[in-house]
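Residue-level listing of the chains:
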Amino acid sequence: MKFFRWLFSLQSEEKYVDDPAKKLLNSMRLTAKCRFNASVRLQRLARYSFLTTTIFSLGLIFIPLYHKSGLEIPYTDQVINMLQIFLAVAVLVYSVVNATAKYDARASALDNCGVKIKELIRKLRHEIAESSQSGVSIDLEKFHHEYHIVSSEPENHNRVDFILATLESRQDFDITGIKRLFLHFKSRLIYFLPYLIPTSMMVFEFFVITDMLGVTQVFTEVFANAAQ
């Protein structure tokens, strides 16, 4: 019976806490993790977008230089021109995306939000310890107000950041078995989905260049048939 409860996560997934102060503490701790996860996610997107732009730029430089070298190329001049235009547009698009998305600024704002919530958590923990010794009740309304101001300063985190935070917070969430495995798979799928298109395009550029060098013949026949 315990095995089936664990396998299908039939138990209460969020651990029950009856103390309002500890409830607020748990909520702040989870939000801080979400904001840190969102900050890391945006930083990685920024680095990968920069890498994508760099790879496209290098390809845009290499292809015409190799074309003008006089070496044998399996592609026609029309195909080479098309590839150059494609890479030029790709560089322009990803440069605009990097400029408008402002990944670094957004990641910094989310990281600062997480740090401020951590400071608020330390204050609340101190108040809880003082209250348990003196018997004086905690002014939770003040902490709720500060928490609302701090958490609403930057943009909100995404669903994937929350899923990863719940999977990391074993002391607050008891998710087991198949559901935990499903959430791991779902979070990884959502997390890496933005990388799919730029990675596919870089792989395409890689095989185009290796085809030109005679190492592979992935797109040679495709472009040859299209040119006919």
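Residues numbered from 1 in each chain as written. Predicted model: local features only at pLDDT ≥ 70, side-chain atom pairs only at ≥ 80, totals over all residues. Heavy atoms only, no water.

A. Focus on helix α6 (residues 159-168). Taking burial as the measure, the 10 residues of α6 include seven buried ones, the bulk of the element. On its buried face, α6 sits against α2 (20-68) and α7 (177-192). (Buried < 20%, exposed > 50% of the residue type's maximum accessible area, 1.4 Å probe, protein only. Helix = DSSP H or I, 4+ residues; strand = E, 2+ residues; numbered from the N terminus. Contact = heavy atoms within 4.5 Å.)

B. Region of interest: the nonpolar core. Ranked by internal contacts, the top residues of the largest apolar core, which has 19 residues, are Phe56, Ile63, Tyr75, Leu83, Val208, Met212 and Phe223. Taken together, the elements giving at least two residues each to this core come down to α2, α3 (77-101) and α8 (196-212). The dominant element in this core, judged by the number of residues it contributes, is α3, at seven residues. Residue contacts for Phe56: discarding those within four places in its chain leaves Leu87, Ala90, Val91, Tyr94, Met201, Met202 and Glu205. Grouped together as the second largest cluster of nonpolar side chains are 16 residues, Met28, Ala32, Ile121 and Ile128 included. (Core = buried A, V, L, I, M, F, W, Y, C linked by side-chain atoms within 4.5 Å.)

C. Here's a closer look at the pattern of salt bridges. Tallied over the entire structure, the rule returns six salt bridges. Linking Glu155 and Arg106 is a salt bridge whose minimum nitrogen-to-oxygen distance equals 2.6 Å. Here Glu155, found in the loop between α5 (140-151) and α6, pairs with Arg106, found in helix α4 (residues 103-134); they are 49 residues apart in sequence, far enough to count as distant. Arg106 sits in the partly exposed class, given a relative accessible area of 28%. Among the salt bridges present, the one from Lys116 reaches Glu153, with a minimum N-O distance of 3.0 Å. Note that Lys116 is positioned in helix α4 and Glu153 in the loop between α5 and α6, a separation of 37 residues in sequence. (Salt bridge = Lys/Arg side-chain N within 4 Å of Asp/Glu carboxyl O.)

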